[in-house]
Number of protein chains: 2
Amino acid sequence: MVTVFGDLAQQETARISGQALNHLARLIGLKPEAVRVALHRLRKDGWIDSQRSGRTSAYHLTPFGRARSAEASPLIYAKSPQAQEAWLVLTDPALPAMEYDGTGAWLTANTLIAPAEPTGEGVYASLIGPEATLPGWMTARICAPELARQSRDLVERLRALREQLEQHSLSPPQIAALRVLVVHSWRRVALKAPDLPGHVFPKDWAGQACRDLVADLLAQLPAQRLNILEQSVSETRRTG
Amino acid sequence: MVTVFGDLAQQETARISGQALNHLARLIGLKPEAVRVALHRLRKDGWIDSQRSGRTSAYHLTPFGRARSAEASPLIYAKSPQAQEAWLVLTDPALPAMEYDGTGAWLTANTLIAPAEPTGEGVYASLIGPEATLPGWMTARICAPELARQSRDLVERLRALREQLEQHSLSPPQIAALRVLVVHSWRRVALKAPDLPGHVFPKDWAGQACRDLVADLLAQLPAQRLNILEQSVSETRRTG
C-alpha cells in the first residue's frame, strides 16, 4: 500500500478513491480485508488520511507520509546509486560508536563504509577508489549473500515479466497494478542495501541489472493519471 | 653490552679483550659485577663467545649475535626511517589475527598500520599518504605518549652532550664509551617505535630530531679501531 501511494499519489493534491484502491489491490492479489488492515495501520502511523465524500472515501498521503515517500524515491527509481563515492572510515575504538545517520555499512564496531567523507572528532577516512578490490568478508558486510541472491532472483522475474508484457495489451488499472508490483519488488531489495557505489558490492550483487530492468519496465508501464485510472475503475465496476 | 659489541665489534673478525670491556664499562658507569653478569647472560643466550689467550679472554659476537645486531643496526644508525610508506590494513575480523612479522602497529584486533602492502587472503590495504591527517587515537597506538615524551627528553640530553663535547678533548676509550652511551640511549627509544614513516607518528614524536643528533654526534665521536682502543686501554692501565 505504501508503494501504491508512493507510485501513484505522491503529489500533494493527489487523492485515490476507496474503489480504485480496492480494484488495484484485487489486481495485485490482495484481499479486501488486507487492504482495510493496511489502510488502518498507515492512518494510525500518520502516513495517510482520508476524506468522506458521499458514499466513498478519498485517501491521500499526509505531509509526513509524503516526506517518507520522497526520501525513499531516489533509492527506488534512480538509474544508478545516489552515492558516487565510498569511504573507509575508522572511529576511535575506545569511544562509543559514532553517531551516524547516513546509509553506509558497518564492518566492525569502529569501521564503516560511508558514501561521503564524514567529519567528526577522531575520525580517519580514506577513499575507496573504483580500482580497489575488496575482500569477500568486507563486501559480505556491505551486502549479505542472501540479499545478493534476492537481487539475482529479481532480475530473473523482471526479465520474465518483460517478455510477458510484449504479448499483452493492458488497461490503465492493470498498468498501474503492474507498476506497483515492479516497484514494490525492487523496493524490498533496494531499501535493504546501503546506498553505496557498485564497486564496493559483491560481484554477484545484481542491483544495477535490477535498476536497469525497473527503469525499462516503468517506461513500458507509464504512470497513469489518477483521473483516467478512477474513470477506468468505475467503468470496469459498471460493466464487470 | 649488546650495544658495545654491536657498535665496536660487529665485524666477523672483531675481538675485544676482557680488559678493554671492563675499562669501557667503568667509563660508562657499570660495575665489574654487572659486566660479568651481562657477559655470562649474553654467552648463555648464544650472542657471544670467548677465547682464552694467556691471562686474558677475547670476546666476540657469535654468528647468531652478529645477525641480531645487523638486524637492529638500520633502525638505530639510519638517518631516516627505513619504511617509506604506511598502509592501513584491515583483516577479516571473523578470523584469528593475521600472521604478521613486520614492524607495523596494530590499531585494533583486525586493523594494522604496516610499512608495506601485505599480501594475504581477505586483506584490504589502503595507502596512507603524507598529506593524511591521522586522529590522535591512531597516532597514540603507533607511538604511545610515554615513548614520544622519551624521544623529546633524549633530544634535550643529546643537545646537552653536543655542547659539552666542544669543550673536551677525549681519549679513544672515552670516545668509544660515549658512542656506546649515545647509541644505547637512542636504541632504547628507536626499538620501541614501529618502523613507519614520520607522517603517521604523533606531532610530538621527536624521533627524527634524535636521528639527526645521533648522526651528528657519531660523526664527532668516530668509531675507534679496536687495536688502537686496546693499546690505549693497556697504556692507561700501565700509567693509571
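The structure contained in this document is the topic of the report that follows. (Residues numbered from 1 in each chain as written. Chains lettered and ligands numbered in written order. Predicted model: local features only at pLDDT ≥ 70, side-chain atom pairs only at ≥ 80, totals over all residues. Heavy atoms only, no water.)

Now for the nonpolar core. By size, the foremost hydrophobic cluster in this structure holds 81 residues, and its most contacted members are A:L88, A:I113, A:I128, A:W186, B:L88, B:I113 and B:W186. Those residues in contact with A:I128 that sit more than four places away from it in its chain are A:A86, A:W87, A:L88, A:I113, A:L134, A:H199, A:V200 and B:Y124. (Core = buried A, V, L, I, M, F, W, Y, C linked by side-chain atoms within 4.5 Å. Buried < 20%, exposed > 50% of the residue type's maximum accessible area, 1.4 Å probe, protein only. Contact = heavy atoms within 4.5 Å.)

Residues and elements named next belong to chain B. With respect to the secondary-structure elements, A78 resides in the loop between α4 (63-77) and β4 (87-90). When its relative accessible area of 17% is taken as the criterion, A78 is described as buried. In the structure, A78 is positioned 74 residues away from R152 in sequence and 18 Å away in space, judged by C-alpha atoms. The residues contacting A78, other than those within four sequence positions of it, are S73 and R211. (Helix = DSSP H or I, 4+ residues; strand = E, 2+ residues; numbered from the N terminus.)

Let us look at the packing of helix α6 (residues 145-165) of chain A against helix α7 (residues 172-190) of chain A. Residue and element names in this part refer to chain A. Between α6 and α7, the shortest axis-to-axis distance is 9 Å and the interhelical angle comes to 165°. On the basis of their axis angle, the class for α6 and α7 is roughly antiparallel. Crossing geometry of α6 relative to α7 is assigned as left-handed. Contacts between α6 and α7 involve L147, Q150, S151, L154, R157, L158, L161 and L165 on the former and, on the latter, L178, V182, S185, W186 and V189. (Axes fitted to C-alpha atoms, helices over the stretch in contact; angles between N-to-C directions. Parallel < 35°, antiparallel > 145°, perpendicular 65-115°, else oblique. Left-handed = near helix turned anticlockwise from the far one by under 90°.)

One can find B:G136 in helix α5 (residues 136-142). C-alpha separation for the pair B:G136 and B:K203, spaced 67 residues apart in sequence, amounts to 9.4 Å.

For the rest of this paragraph, the subject is the interface of chain A and chain B. Taken together, the contact pairs 22 residues of chain A with 22 residues of chain B. For the chain A face of the interface with chain B, the top three residues by lost area are A:L90, A:Y124 and A:W137, together amounting to 41%. Applying the counting criterion to the chain A and chain B interface returns zero salt bridges. Linking chain A to chain B there are three residue pairs in polar contact (both at pLDDT 80 or more). Breaking the side of chain A that touches chain B down by element, the ones donating at least two residues are β4 (87-90), β5 (105-108), β7 (124-127) and α5 (136-142) of chain A. Here the element with the most residues in the side of chain A that touches chain B is α5(A); it accounts for three residues. (Buried area = accessible area lost by both parts, 1.4 Å probe. Salt bridge = Lys/Arg side-chain N within 4 Å of Asp/Glu carboxyl O. Polar contact = N/O pair within 3.5 Å; in protein donor to acceptor, adjacent residues only side chain to side chain.)

What follows covers the relation of the copies chain A and chain B. The two copies are related by a screw operation: chain A maps onto chain B through 180° of rotation and 0.0 Å of translation along the axis, at an RMSD of 0.0 Å. Each copy turns onto its partner about a two-fold axis. Within chain A, the C-alpha atom positioned nearest to the axis of rotation is that of A:S126, 3.8 Å from it. (Least-squares fit on C-alpha atoms with pLDDT ≥ 70 in both.)

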